[in-house]
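# Architecture and fold: a report
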Amino acid sequence: MLDYTITTENSAAPETEPQRQQFFIEKCRLYVEDFRIRTGRTPTANIRTFGCQMNERDSEKLRGILAQAGYELTEQEDADLVIYNTCTVRENANLKVYGRLGYLNGLKKKNPLMRIVLCGCMMQEKEVVEKIRKSYPFVDLIFGTHNIWQFAELLCRMHESRSMLVELWESTDQVVEELPAQRTYAFKSGVNIMYGCNNFCTYCIVPYVRGRERSREPKDILREVEALAADGVVEVMLLGQNVNSYGRTLEHPVSFASLLREVEKVEGIQRIRFMTSHPKDLSDELIEVMADSEKICPHLHLPLQSGSSALLHRMNRHYTKESYLALCEKLRARIPELSLTTDIIVGFPGETEEDFQETLDVVRRARYDSAFTFVYSKRTGTPAASYPDQVSEEVVKDRFDRLLALVQETGKEQISRFTGRTMPVLVEHVNTQDPGLVTGRMSNNLIVHFPGDAQLIGTIVPVTLTECKGFYFMGEQTIG
Ligand code: 5AD
Ligand code: SF4
């Protein structure tokens, strides 16, 4: 029976999705069974995720497929199936992957049944795949961002192949619905609302590796959110590279604000977050929906990138220092409780000390709770990679340190406004350092640690913030 089914011709697979992938999940089960018969144990699988929330969500989908196929998911890296879901937004993310591959080769020598899979953004770069073919021939399967939903099929083909299987698509307009996902948290989940990006900021590789912007149909998103709510999820994070342009490319265009209004109606969902907003597309309609909503969290991640209008122009960001600050003021006037966070790049080609001072000025005036600061990283194929006047490492390091110090100082000042207040907190996990504490998140995305136990996980409880520790708080649960 086993031999017969494993050799089932793949041509017997249905043509339509997701039925086709279901067929291959079933077929994967037979490979798992075969492994069990040969070794007397269930094959283990480990996924390591690099990069952003989009990748985290993609990894949950990969885990869902693996779980249905019968793999035992593990945190250990010496698993029988190791998957790296990669990021390429900055070069150091790539370097980390190359660094780990040598180590994985050592593990594979000890366990010949081990299989190594690479997927995600980095694999959408031709030079990367060439390098892996040449220098890391022990990798078994490579696929990209556009065909991730084919994972079950590719896994089967990997088992049937004697050499490295590489399946990459240059682009897609396909969005495959209804594949399984295994969530990291029972009570919260990411939900993709769109894929890709059309903005072509001149430093950014994302539009090249994630392709053109594609929005999911509102009905599919709502069905997913309803199913999550029915499964105990209380918080959803709507995910897209630029959620503010959601819905523009649909046959019947809808705005992001109107999608939010619909998601709000889903019973059981208590908190709605979204990521990432582009300042150029943030509409008044969205501000109104946020201001009126009980469920939409008063937190906005609004990447600044640079405070210099001249640099913003060369970054192709379509806003100026003044229009960005005016937007922050408008938001704060309408949503007084709003927490703002941001991304900032230091050392973009041609950045002068004056440009950098403009960035510091915005940090002082925008009153961020926190900011992710990045050293500019040259990405092959992006326009900025060939701009003259790349800034020297030494100058970048000095600016980066000054920016970080300011961000820490202003962040602490800003978030200490909450000290002494009692806030609803969604408890996420037992504290990793101190098992007597739990760690939770306020609706403004700030973290608090307070005495409690695992029973609180997934519930929203009132917590009084007793001490501000910089980027997080210590607190006490308030009873009654
Ligand atoms: N170099 C440095 N930072 C970058 N980002 C995107 N591309 C680059 C790059 N080439 C940062 C931006 C973006 C965040 C996700 O990563 O700040 O908002
Ligand atoms: Fe990159 Fe700009 Fe698109 Fe963000 S909006 S993914 S920074 S191109």
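So, here is what we can say about the structure in this document. All values derive from a computational prediction rather than experimental measurement.

Rules of the game
Residues numbered from 1 in each chain as written. Chains lettered and ligands numbered in written order. Predicted model: local features only at pLDDT ≥ 70, side-chain atom pairs only at ≥ 80, totals over all residues. Heavy atoms only, no water. Axes fitted to C-alpha atoms, helices over the stretch in contact; angles between N-to-C directions. Helix = DSSP H or I, 4+ residues; strand = E, 2+ residues; numbered from the N terminus. Parallel < 35°, antiparallel > 145°, perpendicular 65-115°, else oblique. Left-handed = near helix turned anticlockwise from the far one by under 90°. Contact = heavy atoms within 4.5 Å. Near = heavy atom within 4 Å. Polar contact = N/O pair within 3.5 Å; in protein donor to acceptor, adjacent residues only side chain to side chain. Nonpolar A, V, L, I, M, F, W, Y, C, P; charged D, E, K, R; others polar. Buried < 20%, exposed > 50% of the residue type's maximum accessible area, 1.4 Å probe, protein only. Core = buried A, V, L, I, M, F, W, Y, C linked by side-chain atoms within 4.5 Å. 1 Å grid on protein atoms, 1.4 Å probe; cavity = no way out; pocket = protein on both sides within 12 Å on 5 of 7 lines; lining within 4 Å. Points joined across faces, edges and corners; volume = space filled by probe spheres on them. Salt bridge = Lys/Arg side-chain N within 4 Å of Asp/Glu carboxyl O.

## A few points about the packing of helix 3 (residues 53–69) against helix 6 (residues 151–160)
Contact pair helix 3 / helix 6: the axes reach a minimum separation of 10 Å and the direction vectors enclose 60°. The angle between helix 3 and helix 6 falls in the class oblique. Our pair here, helix 3 against helix 6, has a crossing hand that is right-handed. For the pair helix 3 and helix 6, contact is made by Leu-62, Ile-65 and Leu-66 and by Phe-151, Ala-152 and Leu-155, respectively.

## Focus: the site of ligand 1
Around ligand 1 lies a shell formed by Val-89, Arg-90, Tyr-203, Gln-305, Asp-343, Ile-345, Phe-374, Val-375, Tyr-376, Ser-377 and Arg-379. Between ligand 1 and Gln-305, the relevant distance is 2.6 Å, taken from an oxygen atom to a side-chain nitrogen or oxygen of the residue. One nitrogen or oxygen atom from the main chain of Ser-377 is found 2.8 Å from a nitrogen atom belonging to ligand 1. Looking at the shell around ligand 1, the elements that each hand over two or more residues are strand 13 (339–346) and strand 14 (370–375). Across the shell around ligand 1, the residue classes break down as 6 nonpolar, 2 polar and 3 charged.

## Structural notes on the environment of Leu-312
Inspection of the secondary structure assignment puts Leu-312 in helix 11 (residues 309–314). Leu-312 sits in the buried class, given a relative accessible area of 0%. Counting along the chain gives 43 residues from Leu-312 to Asp-355, while the straight-line C-alpha distance between them is 9.9 Å. Once residues lying within four places of it in the same chain are set aside, the contact partners of Leu-312 are Leu-304, Ser-306, Arg-317, Tyr-319, Thr-320 and Lys-321.

## A word on the nonpolar core
Ranked by internal contacts, the top residues of the largest apolar core, which has 68 residues, are Ile-193, Val-236, Leu-238, Phe-256, Leu-260, Phe-274 and Leu-331. Counting residues in hydrophobic clusters, the runner-up holds 27 residues, among them Cys-28, Ala-45, Leu-66 and Leu-81.

## Some points on the layout of surface pockets
Computed from the structure, the second largest pocket encloses a volume of approximately 640 Å³. What lines the second largest pocket is a set of 30 residues, among which Lys-61, Val-176, Glu-178, Leu-179 and Glu-224 lie closest to the centre. Elements with a minimum of two residues in the lining of the second largest pocket: helix 3 and helix 8 (218–230). Of the residues that constitute the lining of the second largest pocket, the class distribution is 12 nonpolar, 5 polar and 13 charged.

## Quick word on the pattern of salt bridges
Tallied over the full model, the rule gives 40 salt bridges. Close ionic contact of Arg-248 with Asp-281 constitutes a salt bridge, the shortest N to O distance being 3.4 Å. Here Arg-248, found in the loop between strand 10 (235–239) and helix 9 (256–264), pairs with Asp-281, found in the loop between strand 11 (271–275) and helix 10 (284–292); they are 33 residues apart in sequence, far enough to count as distant. Under the relative-accessibility criterion, Arg-248 is labelled partly exposed at 49%. In the salt-bridge network here, residues are joined through shared partners; they are Glu-351, Glu-353, Asp-398, Arg-399 and Arg-402.

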